[in-house]
Amino acid sequence: MRPWRFVVWFGTVSLLADFVYEGARSVTGPLLASLGASSLVVGVVTGAGEAAALGLRLVSGPLADRTRRFWGLAIAGYALTVVSVPLLGVAGVLWAACVLVIAERVGKAVRSPAKDTLLSHATAATGRGRGFAVHEAMDQIGALVGPLLVAGVLALTGDDYAPALGVLAVPGVAALGVLVWLRTRVPDPEAYEREAVPRTPRAASGGRLPTAFWTYAAFTAATTAGFATFGVLSYHLVQRHLLTTAWVPVLYAGAMAVDAVAALATGWLYDRHGPRVLVVLPVLTAAVACLAFTDTVAPAAAGSLVWGAAMGIQESTLRAMVADLVPSGRRATAYGIFAGVVGAASLAGGALTGGLYGYSIPVLITVVVGIQVLALALLAVTAAGRTRVGAG
């Protein structure tokens, strides 16, 4: 199978999986609120879910490098997500729903370092930015269709979450089927990278990670710490009566469409101009807070779309740069550590925005903007350090 075909088929797996879990995430805030959750609980639970999705990769990343069982970990992680989402619709009590929200994210933690490493080998031949961007854009097709389906079922059933989330089991089973088939076709994706860079030996799994990787992780953590979860954004939209519950997934679908466009644009720019394109991420993150927490429908909806653009960059171009900074033998570990750092920042961001939302929205906006100014300074330091390393 040619590298681009591998990227597209892996994108198909992610498309089907995003159909499942993005359909669920689009209504997480209203679902938890319907079970009695406050804004703080929504912020903490969704932030903890993202922390689990990212932080637990500190374990799954090194495990993938040590065992080299990339395919097995990817399949196991997708399976956990496919099981958790339909159960979320019939949880019935707040604590069970919270557990399932986090369990779905744990599935992502199990699979992601292995999945990203498998994909990184093919993108060595296709171009890192473009390969990860195409994969992310296909993700977002599922992330667009899934919430729309959930919205339709909610509208037809009078906001009944059980059938709305239960129907997502179908694309989940299909995702697992395609993934198992792809493993039989391409058991060793690392061959793509060995062929693309024939004079580069197969890297060992030991050794230290480059200094440039750590400074880059610090920048990413800073910009993520001020990034609100969609759970908090959707909570605001419903609690302030800006949108009905059924319309929230439609807005989320629009955000996922913006996500795909932003991923493709920044991926192409990354391959041409390098990491300088990432300066846009703190700017977008600050804009989310300034727009999304207003009491007028248009700017609040615009804030959610800007949120989608920032997510597109986070899920594509940020990952592409990790592959360029770290050799293949340590890449799953690097993805795990990178995600762990970002996971801690995501938990802080979810709790921060959820807590400050209940205290003072002007204070929330001021704090988020201040954090993004710090992130821009860290990006400048990171770029300067990378330049010095390159010159040396």
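In this text, all values refer to a predicted model and were calculated from it rather than measured experimentally.

1. A closer look at the overall build of the chain
So, point 1. Of the regular secondary structure elements, the chain holds 18 helices and 0 strands.
So, point 2. Here the C-alpha radius of gyration of the chain, 20 Å, is about what a compact globule of 392 residues would show, namely 21 Å.
So, point 3. Along the first, second and third principal axes, the C-alpha atoms of the chain reach 60 × 45 × 30 Å.
So, point 4. In the chain, buried positions account for 58% of the 392 residues.
So, point 5. Charged side chains of the chain number 27 positive and 19 negative; the gap between the two group centres comes to 10 Å.

2. Some words on the nonpolar core
So, point 1. Core analysis: the largest hydrophobic core is formed by 105 residues, its most contacted members being Tyr216 and Trp307.
So, point 2. With 11 residues, the top contributor of residues to this core is helix α1 (residues 3-25).
So, point 3. Among the nonpolar cores identified, the runner-up in size contains 5 residues, and Leu237, Leu242, Ala300 and Ala301 belong to it.

3. Some points on the environment of Trp247
So, point 1. Take Trp247: it is sitting in the loop between α12 (230-239) and α13 (248-273).
So, point 2. Linking Trp247 and Leu154, residues 93 residues apart in sequence, is a C-alpha distance of 9.5 Å.

4. So, the side chain of Thr224
So, point 1. Positionally, Thr224 belongs in helix α11 (residues 211-225).
So, point 2. Relative accessible area serves as the criterion here: at 4%, Thr224 is assigned to the buried category.
So, point 3. Those residues in contact with Thr224, other than ones at most four positions away along the chain, are Gln314, Val342, Ala345 and Ser346.

5. So, unusual backbone geometry
So, point 1. One non-glycine residue with positive phi stands out, namely Arg68, at about 60°.
So, point 2. Secondary-structure assignment places Arg68 in the loop between α4 (57-67) and α5 (70-88).
So, point 3. Under the relative-accessibility criterion, Arg68 is labelled partly exposed at 29%.
So, point 4. We note that Asp159 has phi near 65°; this positive angle belongs to a residue other than glycine.
So, point 5. As for its position among the elements, Asp159 is in the loop between α7 (128-157) and α8 (161-166).

6. Points about helix α9 (residues 169-185)
An α-helix turns once per 3.6 residues; consequently, residues spaced three or four apart project the same way.
So, point 1. Look at α9: 25 Å from first C-alpha to last across 17 residues, which is about the 24 Å you get at 1.5 Å a residue.
So, point 2. Among the residues of α9, Pro171, Gly172, Ala175, Val178, Leu179 and Leu182 are the ones counted as buried. Viewed along the axis of α9, the buried residues span an arc of 125°, placing them on a single side of the element. Those residues of α9 that are exposed and angled more than 90 degrees off the buried face are Val170, Val173 and Thr184.

7. Here we look at the packing of aromatic side chains
So, point 1. All told, the structure shown has 13 aromatic pairs when counted by the stated rule.
So, point 2. Relative to Trp214, the ring of Phe213 lies with its centre 5.2 Å away and its plane at 70°, an arrangement referred to as edge-to-face.
So, point 3. Aromatic side chains Tyr216 and Phe338 sit 5.6 Å apart centroid to centroid with 5° between the ring planes, which places their arrangement in the stacked category. In this pair, Tyr216 sits in helix α11 while Phe338 sits in helix α17 (residues 331-359), placing the two residues 122 residues apart along the sequence.
So, point 4. Of the residues examined, Tyr216 reaches a relative accessible area of 1% and is grouped as buried.
So, point 5. The buried category is assigned to Phe338, whose relative accessible area is 6%.

8. Thoughts on the pattern of salt bridges
So, point 1. For the coordinates displayed, the defined rule picks out 11 salt bridges.
So, point 2. With its nearest N and O atoms 3.5 Å apart, the salt bridge here joins Glu190 to Arg68. One end of the pair, Glu190, is in helix α10 (residues 190-196); the other, Arg68, is in the loop between α4 and α5, and 122 residues separate them in sequence.
So, point 3. Judged by relative accessible area, Glu190 falls into the buried class, the value being 4%.
So, point 4. A salt bridge links Arg240 to Asp295; the shortest N-O distance between them is 2.6 Å. Highlighted residues: Arg240 in the loop between α12 and α13 and Asp295 in the loop between α14 (280-292) and α15 (297-315), separated in sequence by 55 residues.
So, point 5. Owing to a relative accessible area of 35%, Arg240 belongs among the partly exposed residues under this scheme.

9. Quick word on the packing of α13 against helix α16 (residues 317-325)
So, point 1. Across the interface, α13 lies against α16 with an axial gap of 9 Å and an inter-helix angle of 30°. It follows from the interaxial angle that α13 and α16 lie roughly parallel. Contacts between α13 and α16 involve Thr266, Gly267 and Tyr270 from the first element and Thr317, Ala320, Met321 and Asp324 from the second.
So, point 2. Looking at the contact of α13 with α16 residue by residue, the classes come out as 3 nonpolar, 3 polar and 1 charged.

10. Section: the packing of helix α3 (residues 39-55) against helix α6 (residues 94-126)
So, point 1. Between α3 and α6, the shortest axis-to-axis distance is 7 Å and the interhelical angle comes to 25°. As far as their axial angle goes, α6 and α3 are roughly parallel. Viewed along their axes, α3 and α6 form a crossing whose handedness is right-handed. Residues Val45, Ala48, Gly49, Glu50, Ala52 and Ala53 of α3 form the contact with α6, whose participating residues are Cys98, Val101, Ile102, Arg105, Val106, Lys108 and Ala109.

11. Here's the deal with a nonpolar patch on the surface
So, point 1. A surface patch of nonpolar side chains, amounting to about 270 Å² of accessible area, comprises Val83, Leu87 and Val90.
So, point 2. The topology assignment puts Leu87 in helix α5.

12. Some details on the confidence of the model for the chain
The predicted structure's coordinates, where accompanied by low pLDDT, should not be read in detail.
So, point 1. Averaged over the chain, the pLDDT score is 84; the fraction of residues at 70 or greater is 94%.
So, point 2. α9 holds the highest mean pLDDT among the elements of the chain, 94, whereas helix α18 (residues 361-391) holds the lowest, 75.
So, point 3. Confidence drops under pLDDT 50 across residues 200-205; counting only partners more than four residues distant or on other chains, this segment forms 11 contacts.
So, point 4. Low pLDDT (under 50) marks residues 387-392, which in the prediction has 0 contacts with non-local residues, meaning those over four places away or in another chain.

Rules and cut-offs
- Residues numbered from 1 in each chain as written.
- Predicted model: local features only at pLDDT ≥ 70, side-chain atom pairs only at ≥ 80, totals over all residues.
- Heavy atoms only, no water.
- Helix = DSSP H or I, 4+ residues; strand = E, 2+ residues; numbered from the N terminus.
- Rg over C-alpha atoms; globule rule 2.2 N^0.38 Å.
- Buried < 20%, exposed > 50% of the residue type's maximum accessible area, 1.4 Å probe, protein only.
- Lys, Arg positive; Asp, Glu negative; His and termini not counted.
- Charge placed at Lys NZ, Arg CZ, Asp CG, Glu CD.
- Core = buried A, V, L, I, M, F, W, Y, C linked by side-chain atoms within 4.5 Å.
- Contact = heavy atoms within 4.5 Å.
- Expected span 1.5 Å × (residues − 1).
- Arc of directions from axis to C-beta.
- Phe/Tyr/Trp six-rings, centres within 6.5 Å; stacked < 30°, edge-to-face > 60°.
- Salt bridge = Lys/Arg side-chain N within 4 Å of Asp/Glu carboxyl O.
- Axes fitted to C-alpha atoms, helices over the stretch in contact; angles between N-to-C directions.
- Parallel < 35°, antiparallel > 145°, perpendicular 65-115°, else oblique.
- Nonpolar A, V, L, I, M, F, W, Y, C, P; charged D, E, K, R; others polar.
- Left-handed = near helix turned anticlockwise from the far one by under 90°.
- Patch = residues over 30% accessible without salt bridge, like charges linked within 9 Å, V, L, I, M, F, W, Y side chains within 5 Å.
- Areas by Shrake-Rupley, 256 points an atom, 1.4 Å probe, with all protein chains shown as cover.
- pLDDT = per-residue confidence, 0-100.

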